[in-house]
Amino acid sequence: MTLRLGRHDFDDDATLMMAIVNRTPDSFYDKGATWAEDKAFERVRLVVEQGAEIVDIGGIKAAPGVEIDAAEEKARVVDFVAQVRESFPGLVISVDTWRAEVGRAVCEAGADVLNDAWGGADPELVDVAAEFGAGLICTHTGGATPRTRPYRVEYDDVVRSAIEDTVGYAERALAAGVARESIVIDPAHDFGKNTFHSLEVTRRLDEMVATGWPVLVSLSNKDFVGETLDLPVGERLTGTLAATAVCALAGARVYRVHEVVETRQTVDMVWTIAGRRPPRRAIRGLQ
Amino acid sequence: MRVVLVPGVLALLPSYGGLEDPVAELRSACLDAVAWLGAGPRVVASPQGERVAAYLCGEVVSRLAPLAPQPPQALAAPRPPVGGVLVVANGSATRTEKAPGHLDDRALGFDDELRAALTAGRPGAVDADLARELWADVDGLVRLAQEVDVDPASVSVDYDADPFGVQYWVMRMEGVRR
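The notes below deal with the structure included here. (Residues numbered from 1 in each chain as written. Chains lettered and ligands numbered in written order. Predicted model: local features only at pLDDT ≥ 70, side-chain atom pairs only at ≥ 80, totals over all residues. Heavy atoms only, no water.)

Glancing now at the overall build of chain B. Counting secondary structure elements, chain B contains six helices and six strands. Listing every helix and strand of chain B by position from the N terminus yields β-α-β-α-α-β-α-α-α-β-β-β. Its C-alpha atoms give chain B a radius of gyration of 17 Å, within 12% of the compact-globule value 16 Å for 178 residues. When the 178 residues of chain B are sorted by exposure, 45% land in the buried category. Taking all contacts inside chain B whose residues are at least 6 apart in sequence as the whole, residues at least 24 apart take part in 74%. The average position of the 16 basic charges and that of the 24 acidic charges among the side chains of chain B differ by 6 Å. (Helix = DSSP H or I, 4+ residues; strand = E, 2+ residues; numbered from the N terminus. Rg over C-alpha atoms; globule rule 2.2 N^0.38 Å. Buried < 20%, exposed > 50% of the residue type's maximum accessible area, 1.4 Å probe, protein only. Contact = heavy atoms within 4.5 Å. Lys, Arg positive; Asp, Glu negative; His and termini not counted. Charge placed at Lys NZ, Arg CZ, Asp CG, Glu CD.)

With that out of the way, let us pick up the nonpolar core. Membership of the largest hydrophobic core comes to 67 residues, with the highest contact counts inside it found for Ile57, Val84, Val106, Leu136, Leu205 and Tyr255 of chain A. Considering every element that reaches this core, the biggest residue donor is helix H5 (residues 158-176) of chain A, with eight residues. Sequence-distant contacts of Tyr255 of chain A, that is, excluding residues within four places in its chain, are made with Thr15, Leu16, Met17, Met18, Val217, Thr244, Cys247, Ala248, Thr263, Val267 and Trp271 of chain A. Listed in part, the 33 residues of the second largest apolar core include Leu13, Val34, Cys57 and Leu86 of chain B. (Core = buried A, V, L, I, M, F, W, Y, C linked by side-chain atoms within 4.5 Å.)

A separate point is the interface of chain A and chain B. Where the parts come together, the accessible area they lose is often given as the size of the interface. Of the residues lining the interface, 10 residues belong to chain A; the matching set on chain B comes to 14 residues. Carbon and sulfur atoms make up 63% of the surface buried where chain A meets chain B, a total of about 1100 Å² over both sides. When residues of chain A are sorted by the area they lose upon contact with chain B, Arg280, Leu286 and Gln287 of chain A head the list and together hold 55% of the total. Inspection of the region where chain A meets chain B yields one salt bridge. Across the pair Arg280 of chain A and Glu20 of chain B runs a salt bridge, and its minimum N-O distance is 3.8 Å. (Buried area = accessible area lost by both parts, 1.4 Å probe. Salt bridge = Lys/Arg side-chain N within 4 Å of Asp/Glu carboxyl O.)

Residues and elements named next belong to chain B. With five bridges joining them, strand E5 (residues 156-161) and strand E6 (residues 168-177) adopt antiparallel strand pairing. Bridge pairing in E6 links Tyr159 to Val170. Between E5 and E6, which pair antiparallel one after the other, the connecting turn spans six residues, and Gly165 there sits at a positive phi close to 80 degrees. (Pairing = 2+ DSSP bridges.)

Right, let's talk about the packing of aromatic side chains for a bit. Residue and element names in this part refer to chain A. Evaluation of the coordinates by the stated rule reveals three aromatic pairs over all chains. A centroid spacing of 5.8 Å and a plane angle of 40 degrees characterise the contact between Phe41 and Phe88, whose relative ring orientation is tilted. A residue pair is termed long-range when its members are at least 10 positions apart, and Phe41 in helix H1 (residues 37-49) and Phe88 in the loop between helix H2 (70-87) and strand E5 (92-96) qualify at 47 residues. A single burial state applies to Phe41 and to Phe88, both of which are buried. The ring of Phe80 is capped by Arg23, whose NZ or CZ atom sits 5.6 Å from the centre of that ring. (Phe/Tyr/Trp six-rings, centres within 6.5 Å; stacked < 30°, edge-to-face > 60°. Lys NZ or Arg CZ within 6 Å of the ring centre and 35° of its normal.)

For the rest of this paragraph, the subject is empty space enclosed by the protein. Residue and element names in this part refer to chain A. Scanning the model with the defined rule gives two cavities of 30 Å³ or more in all. Considering every element that reaches the lining of the largest cavity, the biggest residue donor is strand E10 (residues 254-257), with three residues. Of the residues contributing to the lining of the largest cavity, the split by class is four nonpolar, four polar and one charged. By volume, the second largest cavity amounts to about 30 Å³. Looking at the second largest cavity, the residues that line it are Leu5, Met18, Ile54, Val113, Ile137, Val184, Leu216 and Val254. Each residue belonging to the lining of the second largest cavity can be placed in one class, and the counts come to eight nonpolar, no polar and no charged. (1 Å grid on protein atoms, 1.4 Å probe; cavity = no way out; pocket = protein on both sides within 12 Å on 5 of 7 lines; lining within 4 Å. Points joined across faces, edges and corners; volume = space filled by probe spheres on them. Nonpolar A, V, L, I, M, F, W, Y, C, P; charged D, E, K, R; others polar.)

A word on the pairing of strand E3 (residues 16-22) of chain A. Residues and elements named next belong to chain A. Judged by how many residues are buried, E3 sits mostly within the fold: seven of seven residues are covered. Neither face of E3 is open: one carries Leu16, Met18, Ile20 and Asn22, the other Met17, Ala19 and Val21, and all of them are buried. One ladder, built from four bridges, connects E3 with E10; its direction is parallel. If you follow Met18 over to E10, its bridge partner there is Arg256. Read from E3 through H1 to strand E4 (residues 54-58), the crossover connection turns out right-handed. (Right-handed = clockwise from strand over helix to strand, strands pointing away.)

Applying the stated criterion to the full structure yields zero disulfides over all chains. With no disulfide partner, Cys138 of chain A has as its closest neighbouring cysteine sulfur the one in Cys107 of chain A, 14 Å distant. Judged by its relative accessible area of 0%, Cys138 of chain A is buried. Its sulfur unpaired, Cys30 of chain B is 11 Å from the next cysteine sulfur, which belongs to Cys57 of chain B. Owing to a relative accessible area of 0%, Cys30 of chain B belongs among the buried residues under this scheme. (Disulfide = S-S within 2.5 Å.)

On to the sheet that holds E5 of chain A, then. All names here are of chain A. Pairing is parallel across the open sheet formed by eight strands, whose spatial order is E8-E7-E6-E5-E4-E3-E10-E9. The open sheet has two free edges, formed respectively by strand E8 (183-186) and strand E9 (216-218), since each of these has just one partner strand. For this sheet, the mean inter-axis angle between neighbouring strands, taken without regard to orientation, is 25 degrees. (Axes fitted to C-alpha atoms, helices over the stretch in contact; angles between N-to-C directions.)

Laid out in structure tokens, this is it:
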């Protein structure tokens, strides 16, 4: 399906790199490396140079921690979105928030996409996306409360749950007026899931792709990779790329990443193996 | 009778296309020459070379197909004659260490002599045994020489390079059937 993310359109066969830009002092991977606004802006400039089509700006880490109210979240992201919008008009700006109030403010500042990593916790977020013509990422959390860790969560069938919830969310968004081509679904690895759930979602991602909704995957350096390989944060790139390859073969369209270059190469390679993309330049044996 | 020589480079075929064209300059030269040749040329080539020729001829036809009604002056413009010959052949594939057939010290001399013969209107003046050893595809040239007397003064070279250690030429020439 053709993607329309705010001001930007992408072809049916395009894969997109969504680079994570944290305006937080405590996110699990970068541990505040881009907390300062100038550092966050440097990160945006870097990932644009590396070829990212989207930046996903977040003002609250996903894990539990100090409570960040909407005012503080807006203080962290709204002006920054405006600054990025002005400097990078061709860049898709996504904001990782579940709050409609924050969503409205960032859309007014120029955001193109609302990445609702907490699966519709604020039911008014879809109305904001519709009002501003923004894209919307519909995630599956199994009904988890924002910023909580999974605890003894079980599913009869985690993939069926992910499909039912994300497609249901997508249809609510559609009914609220969000454009069909602006809705993306995300199984949300690790969110409301133990490692076995995230592995199964990865293994059966083709079932989500078969729904016809474009699929986003957020795999980068997550705990399911770490637990699978018994590796700490900082040593999970290879495992992340292996999971990325499996999702790419299944047909995921958007990849939320820390490492843009490595993920782009992995996705391009798999996409080409799958026959969806030609090689960059082929001459071997064809001279 | 118009005659065009192009190399049988498989990278010209759309089925081997990439995001970037590694033979863009060669492709352009081939298409210009085949357009000059005119519609429906007879092809002198190996079976693999015939595929390259078919692609080039088809591409020229599709590019020449009018997208809109032609103005009267376009209809009155001279059209290429029919009945030309498209020859698919090339020089050695052993010109460098990275060449498909690796480096053979005889390759440069062989290609120089073949170039001289072609521009002198003597396409059949080639050592077929040495050509095989140097991975050169010259059968089409020998067959051309058996069928057509080429006018040496008519020969022009549109492309002459060995970007991958293989000697390519795109040439236009005129001659009469024997």
